[in-house]
Amino acid sequence: MTVEQGKKTFVLKGIGVSPGVVIGKVYRFDPLDAQVSFYKLNDESLIPHEVERFRNALKESTKQLVELQENLKKTKVTEPLYIIDVHVLVLSDKKFINRTIKYIRRLGVNAEWALRMTLDHYKQIFEGVEDVYISGRISDVQYVVQRVLRNLSGEKHETVWDVGYDGVVIVSHDLSPADTAQMKLDKIVGFATDSGGRTSHTAIVARSMELPAVVGLDNVTRFVRTGDDIIVDGTSGLVVVNPYPDMLKRYEEKKRHYDDAKDEYLKYARLPAETMDHYQIGIGSNIEFIEEIPSAITHGAEHIGLYRTEFLYIYRDDLPSEEDHFNNYRQVVDEKNLAWATIRTFDLGGDKFTKYQKKDKELNPQMGLRAIRFCLKEIEIFKTQLRAIWRVSALGRVKILFPMISGIEEIREAKRLLEETRRELLEEGVTIADRMEIGAMIEVPAAAVIADQLAQEVDYFSIGTNDLIQYTLAIDRSNERVTYLYEPLHPAVLRLIKTVVDQAHHANIRVAMCGEMAGDPLCCLILLGMQLDEMSMNHLAIPRIKRILQQSTLSESRELLMKAMSFNNALEVRAYVQNYMNERFPDEFQKKET
Ligand code: PEP
Ligand code: MG
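What you are looking at is a predicted structure, and each value in this text was computed from that prediction instead of being measured. (Residues numbered from 1 in each chain as written. Chains lettered and ligands numbered in written order. Predicted model: local features only at pLDDT ≥ 70, side-chain atom pairs only at ≥ 80, totals over all residues. Heavy atoms only, no water.)

Participant: What exactly am I supposed to notice about the overall build of the protein chain here?
Facilitator: In terms of helices and strands, the protein chain carries 25 helices and 17 strands. Counting over 594 residues, the protein chain shows a buried share of 57%. Across the protein chain, the fraction of contacts at a sequence separation of at least 24, relative to all contacts at a separation of at least 6, is 70%. Summed over all atoms, the accessible surface of the protein chain reaches about 25,800 Å², with 51% contributed by carbon and sulfur. (Helix = DSSP H or I, 4+ residues; strand = E, 2+ residues; numbered from the N terminus. Buried < 20%, exposed > 50% of the residue type's maximum accessible area, 1.4 Å probe, protein only. Contact = heavy atoms within 4.5 Å. Areas by Shrake-Rupley, 256 points an atom, 1.4 Å probe, with all protein chains shown as cover.)

Spelled out as structure tokens, the structure:
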């Protein structure tokens, strides 16, 4: 690739959420940025023509959306299809159309202006609605208006379908499911966005498609234009716009190195994570969508250690029915290459909200009505999911996992409802498994502290370090301003994890970890030293973790852990562990960052 002369070079740092290096061309995606003109019609005779122009633009917009839908059906991304249905419905909505025509006729303004007024009218209505789901629908109306405006202006509605090159890096402020729905995904090689975090929609789509992505770049959209050259390094979180030739060369090398290493690492993926002194850790994958399963298996997942089922609620208009849950879960459970599937009951609230959810705007949602707390309030919604999980238990090995348990009462109440649904199903003559393993996520410090008591209530623990660290160190995990304090190797975090593992083993139950820490190569030997039974992670991290485990011994990791836990501050722990890992795995940890 050659770089055009005279373009300005920028290097930006964000959060790498999907690893790998990609070099491509920018497609600047900006759904709400159209250049339109507004004017008065100076002759009444122009009105019928203006109405006609508006109707034609509606027709054209509908045609484009239907085409888009057809194209999308050919790709593997099917989740956001219904969003296009909603947009098509808006386009044929009589009130929407008649109001706009009324503005054209009564005020003698051009169709663009009339349409803007219609949008303003809906904005006013939606703003007054308390229900966040309904008020959030204004974005659909906005999206549709934007498309019609473009068609009115005669501007070609250029989408990723139309750009003449392959190797497209999408650069956007943020991406919603509606946005990704209109993209030609097989042209896309990477993502870079201003906002977002590890669990934002862009991050999830990128990981499930194995495309490098950097989010949280603040203002990358200000620095790029469609057609610019761009490097996205999803491993280090760096983005380079219009790189100098020598930078480009270095990154081409880095990309080659990464791609080769990726193939090389897949060798380790196929083997179990057994240390040289024969300690074996079960390795699972965390998934958000069933579409991730094939890639999880290729990358060496032996089971699903965390299925984040809340995504079933997030991307839809209504509540999923028992049948929706069942049909979805059976696809995980049916997978013969996986030993079991851990289905976590939905964790809504915090930073994930459904569209239907009537949420009072909580000042601090991470500490609000989230996960199991929400489930125990919305019992009917919860029981619908529990029934479906029981039903799939008849088809294969399923473990149920309850999120954000903070006390014994919560786990008992969750178990009571699980038992209630079991009885109901049996009375209805539905076939279910005789028993299902029940787990508690340990992600609230209180749960870690009473791990000995909780261990009496469940069959296994799964440590959720993403939240455990957030709550232990009082750092909002979605607030970029405090991410520098987010430290898995903080002595307090290590002590809590050790307590949980020891208490679980003391009570003879298994203990897994499913937080991001489990997929962090730097922490790998520390966790081995803790003697976790299973580790579940983002599937792209599995080959590296397996390789480290296969080339280590339990005894060295126990020594490393003991030493690391003798320090009284996080900086020293990190420095010590980093040094050890640098020497032990130089090719993994001493690679030069470009
Ligand atoms: C965690 O908190 O570590 C976890 C795995 O759950 P989530 O990231 O879905 O909150
Ligand atoms: Mg969590």
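Participant: Explain unusual backbone geometry to me, please; I cannot follow it from the model alone.
Facilitator: At Asn242, a residue that is not glycine, the phi angle is positive and equals roughly 45 degrees. Note that Asn242 resides in the loop between β8 (238–241) and α10 (245–269).

Participant: Sorry if this is basic, but what is going on with the site of ligand 1 here?
Facilitator: Taken together, 15 residues lie around ligand 1, and Arg308, Arg344, Gly464, Asn466 and Arg477 are the ones closest in. At a separation of 3.5 Å, an oxygen atom of ligand 1 approaches a polar side-chain atom of Arg370. Contact between ligand 1 and Glu443: an oxygen atom at 2.9 Å from a side-chain N or O atom of the residue. Its free accessible area being 290 Å², ligand 1 has 100% of it covered by the protein chains. (Near = heavy atom within 4 Å. Polar contact = N/O pair within 3.5 Å; in protein donor to acceptor, adjacent residues only side chain to side chain.)

Participant: It is not clear to me how the coordination of the magnesium ion (ligand 2) should be interpreted in this structure. Could you clarify?
Facilitator: Under ideal tetrahedral coordination, the four donors around a metal are separated by 109.5 degrees; under ideal octahedral coordination, the six donors are separated by 90 or 180 degrees. For the magnesium ion (ligand 2), the full set of protein donor atoms is Glu443 (OE) and Asp467 (OD), and the range of their distances to it is 2.0 to 2.1 Å. Note that Glu443 is positioned in the loop between β14 (437–442) and α17 (445–449) and Asp467 in helix α19 (residues 465–473), a separation of 24 residues in sequence. Per residue, the accessibility class of Glu443 equals that of Asp467, and both read buried. (Donors = N, O, S within 2.8 Å, 3.2 Å for Na, K, Ca; no water.)

Participant: Which parts of the structure should I look at to understand α19?
Facilitator: Because each turn of an α-helix spans 3.6 residues, side chains separated by three or four positions in sequence point in the same direction. Counting buried positions along α19 gives 8 out of 9 residues, so the element sits mostly inside the fold. Those residues of α19 lying buried are Thr465, Asn466, Asp467, Leu468, Ile469, Gln470, Tyr471 and Leu473. The inward-facing, buried residues of α19 abut β11 (303–308), β14, α17, β15 (460–463), α20 (491–506) and β16 (510–513). Looking one or two residues past α19, Ala474 carries a phi angle of roughly 55 degrees, positive in sign.

Participant: Could you clarify how one ought to interpret the nonpolar core in this entry?
Facilitator: Generally speaking, a soluble globular protein has its nonpolar side chains buried in company with each other. Judged by nonpolar contacts, the single largest core of 102 residues is most densely connected at Phe402, Phe461 and Met535. When sequence neighbours within four positions are dropped, the list of residues in contact with Phe461 reads Ala440, Ile442, Ala451, Leu454, Ala455, Val500, Ala504, Ile509, Arg510, Val511 and Ala512. With 33 residues, the next largest nonpolar core counts Leu41, Ile84, Leu115 and Leu149 among its residues. (Core = buried A, V, L, I, M, F, W, Y, C linked by side-chain atoms within 4.5 Å.)

Participant: Help me understand the environment of His87, please; the structure alone is not making it clear to me.
Facilitator: Locating His87 in the fold gives a position in helix α2 (residues 81–91). When its relative accessible area of 1% is taken as the criterion, His87 is described as buried. When the C-alpha atoms of His87 and Asp140 are compared, they prove to be 6.4 Å apart, with 53 residues separating the residues in sequence.

Participant: Would you mind going over the packing of helix α1 (residues 47–73) against α2 with me for this structure?
Facilitator: Helix-helix packing is described using two parameters, namely the angle between the two axes and the distance between the axes. Where α1 meets α2, the axes come as close as 10 Å, and the angle between the chain directions of the two elements is 165 degrees. Here α1 lies roughly antiparallel to α2, going by the angle between them. As α1 runs across α2, the sense of the crossing is left-handed. On α2, the residues touching Leu58, Ser61, Thr62, Leu65, Leu68, Gln69, Leu72 and Lys73 of α1 are Leu81, Ile84, Asp85, His87, Val88 and Leu91. Its residues assigned to classes, the contact of α1 with α2 comprises 8 nonpolar, 4 polar and 2 charged. (Axes fitted to C-alpha atoms, helices over the stretch in contact; angles between N-to-C directions. Parallel < 35°, antiparallel > 145°, perpendicular 65-115°, else oblique. Left-handed = near helix turned anticlockwise from the far one by under 90°. Nonpolar A, V, L, I, M, F, W, Y, C, P; charged D, E, K, R; others polar.)

Participant: Quick question: what am I supposed to make of the sheet that holds strand β5 (residues 188–193) here?
Facilitator: In a beta sheet, neighbouring strands pair by backbone hydrogen bonds and run either parallel or antiparallel. In space, the 8 strands of this open sheet follow the order β1-β8-β7-β3-β4-β5-β6-β2, with mixed pairing throughout. Each end of this open sheet is capped by a strand with a single partner; those strands are β1 (10–13) and β2 (15–18). Strand after strand, the sheet turns through a mean of 30 degrees between neighbouring axes, direction not considered. Bridging between β2 and strand β6 (residues 213–215) involves 3 bridges; their strand directions are antiparallel. Considered in β6, the bridge of Gly16 is made with Val214. (Pairing = 2+ DSSP bridges.)

Participant: Sorry if this is basic, but what is going on with the pairing of β8 here?
Facilitator: When a strand is regular, its side chains alternate between the sheet's two faces. Here β8 shows two buried faces, one formed by Leu238 and Val240 and the other by Val239 and Val241. Sheet topology places β1 next to β8; 4 bridges connect them, and they run antiparallel. In the sheet register, Phe10 faces β8, and the bridge partner there is Val241. Alignment of strand β7 (residues 229–233) against β8, held across 4 bridges, turns out to be antiparallel. Looking across to β8, one finds that Val232 is bridged to Val239.

Participant: Hey, could you run me through the pattern of salt bridges in this one?
Facilitator: Per the counting criterion, the structure on display carries 39 salt bridges. A salt bridge links Arg387 to Glu322, with the nearest nitrogen and oxygen atoms 2.6 Å apart. Taken together, the residues Arg387 in helix α15 (residues 379–393) and Glu322 in helix α13 (residues 322–333) connect sequence positions 65 residues apart. Accessibility assignment for this pair places Arg387 and Glu322 in one class, buried. A salt bridge links Glu457 to Arg412, with the nearest nitrogen and oxygen atoms 3.0 Å apart. Placement of the pair is Glu457 in the loop between α18 (451–454) and β15 and Arg412 in helix α16 (residues 408–427), with a sequence separation of 45 residues. Given the relative accessible area of 15%, Glu457 is considered buried. Its relative accessible area of 47% is what places Arg412 among the partly exposed residues. When salt bridges with common partners are traced through the structure, they connect Glu322, Glu323, Lys383, Arg387, Arg391, Glu413, Arg416, Glu420, Glu424 and Glu428 into a single cluster. (Salt bridge = Lys/Arg side-chain N within 4 Å of Asp/Glu carboxyl O.)

Participant: Whenever I open this one, the packing of α1 against helix α6 (residues 138–152) confuses me. Can you help?
Facilitator: α6 packs onto α1 with a crossing angle of 115 degrees between their chain directions and a minimal axis gap of 9 Å. Two packed elements cross with a definite hand, and for α1 against α6 that hand is right-handed. Along the contact surface, α1 presents Arg53, Phe54, Ala57, Leu58, Glu60, Ser61, Gln64, Leu65 and Leu68, while α6 presents Tyr143, Arg147, Val148, Asn151 and Leu152. Residues belonging to the contact of α1 with α6 are distributed by class as follows: 8 nonpolar, 3 polar and 3 charged.

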